[in-house]
Amino acid sequence: MKKEMPFFQPKKKETFNLKQEVLRYTKHWKWFLISVVILLFFAFFSIKKSPVVYETSARIKILNQQVNNIELPGNLNSLFEEAKVNLENEIEIIKSYRILEKVSASLDLNVRYYHITASRLIQVWDIPLKAYPINNFTPLPTSGEYIVQVLENGYIIKDSNSKEWKVSGHTMNAALKDLPFLLKIDALRNTSELINKKIKIRFFTTREATLRLFSGLNIEHIGKSSEILKIALRNESSAKSEAILNEIIAQFNQDGLTDRKLIFQRTIDFVDERFEFLTKELDSIENKKKQFKQKNKLTDIVMDTEHNLSDKSNSNTEKVNLETQLEIARILRKTLTNKNNSELLPVDIGLGIAGVNDQITLFNKKLLEYNKLKISGGENNPLVKNLNKDINQLKNNIFTSVVAYQKKSETALKNIKIVDRKNKGFFTALPTKEKILREIEREQSIKENLFIFLLQRREEAAINLVITAPTLKVVDYAITNLIPVSESPKMVYLKAFIAGLVIPFIIFYLIFFLDTRIQTREDLIANITTSQVIGAIPFSEDKKLFSGKDDNSILAEGFRMLRTNIGYVLKNQPEKELANVIMVTSTKEGEGKTFCAINLAISYAVLNKKVLLLDTNFRKPEIQNYLKSERNSNKGLSDYLQGDFKNFKDLISSFRIGKTVLDILTTGEIPNAPAELLANEKLEELINSVKDKYDYIILDTTPTSVVTDTLLISEMADLTIYVAKSNFTNKKTIAFAEELVGTNKLNNVSYILNAV
């Protein structure tokens, strides 16, 4: 029964080993620690330097805008209709540059004040110290920074170029040379907190301040079906954010009120213009009536019969109404013929055309919107052009309706006059003077009715102008959340800690991914399929040799383990009384095959085994560089193989380790044709002749990937030890070695990993 071998067997397929992967990274724990410490250090200073940011929000409800607030609707069903407000349009108006520019100018947002502390700048708002322009013709600077140190009796002001101004007193009444502003402290407020403090003042243009405000302002719906908007702003100064949001609400509301009042004011102006004309006409009719009565000595006229008077009265009433409508239509038509589209049209002036009042209202609304967009977007803006097109279309529609209604009224009036002429037979008894007087009175009545009607409309517009309802309802004025929106220090430290682990992990992952070298015994096992790994030699910086029985170093234990494992391998072979021939080779130079061959030979020698270390590396011999033998000669194996020496025993030298003796046969003179020299039978004869005198014969050979020397003598070996070096041997070279094993070019191969 065979004993189980105490070394690693080959695996065809590499499997993932979590523990192995973790140990692979933890081996570089120092880099992880350095990375974590550095990032935590940066996180500490980032927290010290970064301001604490809070979110301030306000909520408003947009109200539906009705042009006339005191007039009952003609259709009572409209009282129960839900008002529709386009919140997207309102959001764009609130965020418009025009509104925000007014806010910036009102609150002086182009000037910022900072309290200078040891670690960072803290933005402050509404402090007693304030910068003022020198005069009305010299505004505040639009750029630059100034540091103001407040003293008990004045200021010390420095600019970014370290230019300094000293000011006596806390109120500057006159400008200093090259200082572009004045400083004043509000004496009514507590100023003790400013004494011996440093304040940084930064100046911006109003445009820059407005654009900064625009970029930080956030407006959103609260629910899909809600008419409430949430206006939010983030800033390190909560007082500043609250002041800004409240001012935005005030400016937006005032803007809406101004638009609505403009419509009512236009109606009042229109009626006032008509009053002057109607007053002159009424005075003319009164004078005409007075002159007619005085001339014809008339006081009163007895009416005709009741029936004829009734018909006449109805006819006159219809005439009055039609002529009133015609007069209003002429007035409105005259207004519409004006080529200037910038004037608003009077609303609800009593014209009896169905839908024309709604069209006039829509015309005024679009005209106001057109004027706003033209200011902000320019006349070539597609929206402005579309609005202008809509306005012209509405105006044409109104004009067409008025013209059609005028023609209709004139036709109706003609028909009434025809009927009136037919009824003249009923008044043949009435004098001609009565007819003239009635015409004068009828004309007077038309003008008086029109005057009263316009006066009523003017009063309605005046009342609406005074009691104009607000554009919005404030649900909540600006209020700041007590919990900052900027990251908490704990979260910053946590992210820094995680980044400190992740960054070196990624770096090492890429290194491991791109590294094709053998690193561990597991890597070597995963890349071989036909052989086994029988040992791992620890790394030795000074290439230390096995020093004897009393050597308890890690290196010595590694070779003892290798020696034991070789014993298990050789036990599986047929027993023989002669020496075991062990060949040590590798793929290329630098993998430590000579180092391993020497120490392996010493490990057997300390067991009082007879060992012959044979150097067959005629290309680059190394054994004589490691060992200093008792026999100092340049002659060696090559001299014997070339026939210069008949007795090889004269070429063997001894190396002592304490009381232990190791026999060595070096290469001697390097021959011109090493491969041909090794190919002759004399080497095999030499090995066979000494097998009965030694327990182990260890051959140090040339690398297999360079020359064929090793392959020529591989059949002489009972065991081939193939050396791979950690962090040096490429995985592709192991594939080359496996190819040699698979094609039986090497005999009984086992691997060892050097410099683990």
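Details of the structure are given in the entry above.
Residues numbered from 1 in each chain as written. Predicted model: local features only at pLDDT ≥ 70, side-chain atom pairs only at ≥ 80, totals over all residues. Heavy atoms only, no water.

1. Some points on the overall build of the chain
Then, number 1: Within the chain, the regular secondary structure consists of 20 helices and 20 strands.
Then, number 2: By sequence separation, contacts in the chain at least 24 residues apart represent 78% of the contacts at least 6 residues apart.
Then, number 3: Per element, the accessible surface of the chain, about 42500 Å² overall, is 53% carbon and sulfur. (Helix = DSSP H or I, 4+ residues; strand = E, 2+ residues; numbered from the N terminus. Contact = heavy atoms within 4.5 Å. Areas by Shrake-Rupley, 256 points an atom, 1.4 Å probe, with all protein chains shown as cover.)

2. So, unusual backbone geometry
Then, number 1: One non-glycine residue, Asn196, lies in the positive phi region at around 65 degrees.
Then, number 2: For Asn196, the location among the structural elements is in the loop between strand S8 (182-185) and strand S9 (198-203).

3. Notes on a nonpolar patch on the surface
Then, number 1: On the surface, Met491, Leu494, Phe497, Ile498, Leu501, Val502, Phe505, Ile506, Tyr509, Leu510, Phe513 and Leu514 cluster together into a nonpolar patch covering about 1100 Å² of accessible area.
Then, number 2: As for its placement among the helices and strands, Tyr509 is situated in helix H11 (residues 489-514). (Patch = residues over 30% accessible without salt bridge, like charges linked within 9 Å, V, L, I, M, F, W, Y side chains within 5 Å. Salt bridge = Lys/Arg side-chain N within 4 Å of Asp/Glu carboxyl O.)

4. With respect to the environment of Lys490
Then, number 1: Within the element layout of this structure, Lys490 appears in helix H11.
Then, number 2: Given a relative accessible area of 73%, Lys490 falls into the exposed group.
Then, number 3: The spacing of Lys490 and Ile47 is 443 residues in sequence and 10.0 Å in space, taken between C-alpha atoms. (Buried < 20%, exposed > 50% of the residue type's maximum accessible area, 1.4 Å probe, protein only.)

5. A look at the side chain of Ser750
Then, number 1: Tracing the backbone through its elements, the reader meets Ser750 in strand S20 (residues 749-754).
Then, number 2: Judged by relative accessible area, which is 0%, Ser750 ranks as buried.
Then, number 3: Polar contacts involving the side chain of Ser750 include one to the side chain of Gln532, which spans 3.0 Å. (Polar contact = N/O pair within 3.5 Å; in protein donor to acceptor, adjacent residues only side chain to side chain.)

6. Some details on the sheet that holds strand S7 (residues 164-168)
Then, number 1: With antiparallel pairing, six strands are arranged side by side in an open sheet as S3-S2-S9-S5-S6-S7. Single-partner strands in this sheet number two, and they are strand S3 (121-124) and S7. Here the average twist between neighbouring strands, direction ignored, is 25 degrees.
Then, number 2: By the bridge criterion, five bridges tie strand S6 (residues 154-159) to S7 in an arrangement that is antiparallel. Paired with Tyr155 across the two strands is Val167, which belongs to S7. (Pairing = 2+ DSSP bridges. Axes fitted to C-alpha atoms, helices over the stretch in contact; angles between N-to-C directions.)

7. Concerning the pattern of salt bridges
Then, number 1: Summed over all chains, the structure comprises 18 salt bridges.
Then, number 2: A salt bridge links Glu145 to Arg202; its shortest N-O distance comes to 2.9 Å. Taken as a pair, Glu145 in strand S5 (residues 145-151) and Arg202 in strand S9 lie far apart in primary sequence, 57 residues in all.
Then, number 3: Owing to a relative accessible area of 22%, Arg202 belongs among the partly exposed residues under this scheme.
Then, number 4: With its nearest N and O atoms 2.5 Å apart, the salt bridge here joins Lys163 to Asp178. Of this pair, Lys163 sits in the loop between S6 and S7 while Asp178 sits in the loop between S7 and S8, placing them 15 residues apart in sequence.
Then, number 5: On the accessibility criterion, Lys163 (35% relative accessible area) is partly exposed.
Then, number 6: Residues joined in a network through salt bridges with shared partners are Arg98, Asp255, Asp259 and Lys372.

8. Section: helix H4 (residues 97-107)
Then, number 1: What H4 keeps buried is the set Ile99, Leu100, Val103, Ser104 and Leu107. The buried residues of H4 all sit within an arc of 135 degrees when viewed along its axis, so they share a single face.
Then, number 2: Once H4 finishes, Asp108 follows within two positions and takes phi at roughly 55 degrees, a positive value. (Arc of directions from axis to C-beta.)

9. Focus: the sheet that holds strand S10 (residues 217-221)
Then, number 1: Read from one edge to the other, the open sheet built from four strands follows the order S10-S11-S1-S12, with strand pairing classed as antiparallel. Looking at which strands have only one partner, the edges of the open sheet turn out to be S10 and strand S12 (472-480). Along the sheet, successive strands turn relative to each other by an average axial angle of 20 degrees, direction set aside.
Then, number 2: As defined by bridge partners, strand S1 (residues 54-62) adjoins strand S11 (residues 228-235) across eight bridges and the pair is classed as antiparallel. What sits directly across from Ala58, in S11, is Ile231.
Then, number 3: Across the sheet, helix H3 (residues 87-94) is in contact with S1, S10 and S11; its angle to S10 comes to roughly 165 degrees.

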